[in-house]
Amino acid sequence: METNNRRDFLKKAALVGASALVAPSLFATGEEGNEISILKNEENGLESNLIVPKNNGLKITGTFLDEISHDIPHQNWGEKEWDMDFQHMKKIGIDTVVMIRSGYRKFITYPSPYLLKKGCYMPSVDLVDMYLRLAAKYNMKFYFGLYDSGRYWDTGDLSWEIEDNKYVIDEVWKMYGEKYKSFGGWYISGEISRATKGAIDSFYTMGKQCKDVSSGLPTFISPWIDGKKAIMGTGKLTKEDAVSVQQHEKEWNEIFDGIHEVVDACAFQDGHIDYDELDAFFSVNKKLADKYGMQCWTNAESFDRDMPIRFLPIKFDKLRMKLEAAKRAGYDKAITFEFSHFMSPQSAYLQAGNLYNRYKEYFEIK
């Protein structure tokens, strides 16, 4: 019975997919069918009847660009598709794009002389150059994400990432930073959640070199909160040994104390805690950032961590609640991971375009 149900589902899914390929003219029968009604609804500008206050959250003004990833399908876009995506970003007020990492293990985003000699693969397109040109075209700031060798993930020691990035930082500034005014800053890409081995020294060393070579351009990090949803690799949806608010404050007070001179902003990922915990953790994050003179950003994840499938666009209400909590806490900026997969009208995920539309309705963006 289960096999038959699965076959029926696949047949129906195939028919639905095939119907999307039928020419629109075939639907224009002159009858008031569903297809005609849908077209009329779009023309009439129908919107959702929201029963919550509109425009009550912190707007997303930045996004990561996830071109080197290990757990999200590649969309295989060329410059034409990326140019269109930058237009979609611009329409909702995004002014900052952040390449999440310039390389991961052997895959890299630009023809790095240093990394190619170390055995990394030659990319077919210079993505750093393309992103910088598009950022200039649409009046955005581009943040360069440092190289991730993967050794931190293998060992738990962040200090492994210092050596390669000594060379990457210098060559990237010479190749691109001195050429493009859109080169606006640096993202120190090592992701941590707790008092990780080597974290303070690594963030300080790499942050200082970034600022020294670029005459003080801003740097930021985007750690995660070790909450009940920090379950990567466990096969579970929640974990029992989640960090307390008090322990989170203690550990990040120590980390901020050691890095605040060379790290300008911290954008905590917001998806690892539950929605009724947002205010408690967000208020601590803001208090610590203020204490050390750092900007407090939120990395408003636009994918859903509450489902067994990794990863799909988030339910709009979940994103809304997170952005509203960020506004209540007085955060300085909201960025997202990540627009192109999970919010873009041209994403491979159909739900992403719907999320984009719901976001525009909520923030009253025409």
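Quantities reported herein were computed from a predicted structural model and do not represent experimental measurements.

> Could you clarify how one ought to interpret the overall build of the chain in this entry?
Scanning the chain from terminus to terminus reveals 13 helices and 11 strands. The proportion of buried residues among the 366 residues of the chain is 51%. In the chain, 78% of the contacts between residues at least 6 apart in sequence involve partners at least 24 apart. Summing over all exposed atoms, the chain offers an accessible surface of approximately 18,000 Å²; the carbon and sulfur share of this is 53%.

> Whenever I open this one, the packing of aromatic side chains confuses me. Can you help?
Working definition: an aromatic ring pair is given by the centre-to-centre distance plus the angle between the planes. Summed over all chains, the structure comprises 37 aromatic pairs. A centroid spacing of 5.4 Å and a plane angle of 90° characterise the contact between Trp173 and Phe183, whose relative ring orientation is edge-to-face. Of this pair, Trp173 sits in helix 7 (residues 162-177) while Phe183 sits in strand 7 (residues 183-187); the two residues are 10 residues apart in sequence, bridging distant segments of the chain. Overall, Phe183 belongs to the buried group, its relative accessible area being 3%. An aromatic cluster is present here, built from Trp77, Trp82, Phe86, Tyr110, Tyr131, Tyr138, Phe142, Phe144, Trp173, Tyr176, Phe183 and Trp186 joined pairwise through their rings. Taking the ring centre of Tyr104 as reference, the NZ or CZ of Arg101 above it sits at 5.9 Å. The ring centre of Trp160 lies 3.5 Å from the NZ or CZ of Arg151, which sits over that ring.

> What is the right way to read the nonpolar core from this model?
In terms of nonpolar packing, the biggest core is built from 85 residues, with Phe86 and Phe144 touching the most fellow members. Element by element, the count of residues in this core is highest for helix 5 (residues 127-137), at seven residues. Here Phe86 is in contact with Leu65, Val97, Tyr131, Leu134, Ala135, Tyr138 and Met140, once residues within four sequence places are set aside. Within the second largest apolar cluster, 18 residues are counted, among which are Phe220, Phe303, Ile335 and Ala352.

> What's the story with helix 5 in this structure? I'm lost.
The periodicity of an α-helix, 3.6 residues per turn, causes residues three or four positions apart to be oriented the same way. Counting buried positions along helix 5 yields eight of 11 residues, so the element is predominantly enclosed. Restricting attention to buried positions, one finds in helix 5 the residues Leu127, Val128, Asp129, Met130, Tyr131, Leu132, Leu134 and Ala135. Where helix 5 is buried, its residues meet strand 1 (60-65), helix 3 (79-91), strand 2 (96-99), strand 5 (141-145), helix 7 and strand 7. Looking one or two places after helix 5, you find Asn139, whose phi comes out positive at around 55°.

> How should I be thinking about the pattern of salt bridges in this particular structure?
Where charged atoms from two side chains of opposite charge approach closely, those side chains can pair. This structure, assessed with the given rule, holds 29 salt bridges. In this structure, the salt-bridge partner of Arg101 is Glu191, at a minimum N-O distance of 3.6 Å. Of this pair, Arg101 sits in the loop between strand 2 and strand 3 (103-104) while Glu191 is found in the loop between strand 7 and helix 8 (199-213), placing the two residues 90 residues apart along the sequence. Among the charged side chains, a salt-bridge network with shared partners connects Lys228, Lys229, Asp274, Asp304, Asp306 and Lys318.

> Explain the environment of Asp157 here, please?
Within the secondary structure, Asp157 sits in the loop between helix 6 (151-155) and helix 7. Spatially, the C-alpha atoms of Asp157 and Lys197 are 5.0 Å apart, while their sequence positions differ by 40 residues. With residues up to four places along the chain from it excluded, the contact list for Asp157 reads Tyr152, Lys197 and Gly198.

> Hey, could you run me through the confidence of the model for the chain in this one?
For any part of a model where pLDDT is low, the fine detail of the predicted coordinates should not be relied upon. Residues at a pLDDT of 70 or more form 85% of the chain, whose mean pLDDT is 89. A low-confidence stretch, residues 1-7 (pLDDT under 50), is modelled with zero contacts involving residues beyond four sequence positions or located in other chains. Low pLDDT, under 50, characterises residues 9-33; the predicted model gives this stretch seven contacts beyond four residues in sequence or across chains.

> What should I look at first to understand the packing of helix 11 (residues 316-328) against helix 13 (residues 350-362) in this one?
Relative placement of two packed helices is described by the angle separating their axes and the distance separating the axes. Across the interface, helix 11 lies against helix 13 with an axial gap of 10 Å and an inter-helix angle of 45°. Classified by the angle between their axes, helix 11 and helix 13 sit oblique to one another. Seen from above, helix 11 lies across helix 13 with right-handed handedness. Where helix 11 approaches helix 13, its residues Phe316, Leu319, Arg320, Leu323 and Glu324 are matched on the opposing element by Leu355, Arg358, Tyr359 and Tyr362. Taken together, the residues of the contact of helix 11 with helix 13 break down into six nonpolar, no polar and three charged.

> What should I look at first to understand unusual backbone geometry in this one?
Peptide bonds are trans in most cases, and residues, glycine excluded, mostly fall at negative phi. The omega torsion across Arg310 and Phe311 is -10°, close enough to zero to call that bond cis. Cis geometry is adopted by the peptide bond preceding Glu338, which originates at Phe337 and carries an omega value of -5°. Even without being a glycine, Asn76 presents a positive backbone phi close to 55°.

Here is what the cut-offs are and how they apply
- Here the residue numbers are simple positions, counted from 1 along each chain's written sequence.
- In view of the model being predicted, local features appear only for residues whose pLDDT reaches at least 70, and side-chain atom pairs are presented and counted only at 80 or more, with totals across whole chains, interfaces and linings using the full set of residues.
- The basis for every side-chain value is the complete set of non-hydrogen atoms in the structure, without hydrogens or water.
- Each helix is a run of H or I in the DSSP string that is no shorter than four residues. Each strand is a run of E no shorter than two, and both are numbered from the N terminus.
- Exposure classes here rest on a 1.4 Å probe applied to the protein chains alone. A residue is buried below 20% of its type maximum, exposed above 50%, and partly exposed in between.
- The contact definition used throughout considers only heavy atoms, calling two residues in contact when any of these lie within 4.5 Å.
- Surface accessibility in these figures is a Shrake-Rupley result with a 1.4 Å probe; residues are shielded only by whichever protein chains are displayed.
- Between rings of Phe, Tyr and Trp, where Trp is taken as its six-membered ring, a pair exists when centres lie within 6.5 Å; planes separated by under 30 degrees are stacked, by over 60 edge-to-face, and by other angles tilted.
- A ring is scored as having a charge over it whenever the NZ atom of a lysine or the CZ atom of an arginine sits within 6 Å of its centre and within 35 degrees of its normal.
- Here, nonpolar core refers to any group of buried Ala, Val, Leu, Ile, Met, Phe, Trp, Tyr and Cys residues whose side-chain atoms link them within 4.5 Å.
- Salt bridge, as used here: a side-chain nitrogen of Lys or Arg that lies within 4 Å of a carboxyl oxygen of Asp or Glu.
- For every residue, the predictor states its confidence as a pLDDT score lying anywhere from 0 to 100.
- Axis lines are fitted to C-alpha atoms, over the contacting stretch for helices. Their N-to-C directions set the angle, which ranges from 0 to 180 degrees.
- Under this scheme an angle from 65 to 115 degrees is roughly perpendicular, one under 35 degrees roughly parallel, and one over 145 degrees roughly antiparallel; angles in between are oblique.
- Should the near helix be turned counterclockwise from the far one by less than a right angle, the crossing is left-handed, whereas a clockwise turn marks it as right-handed.
- Polar here means any residue other than Ala, Val, Leu, Ile, Met, Phe, Trp, Tyr, Cys and Pro, which are nonpolar, and Asp, Glu, Lys and Arg, which are charged; Gly is therefore polar.

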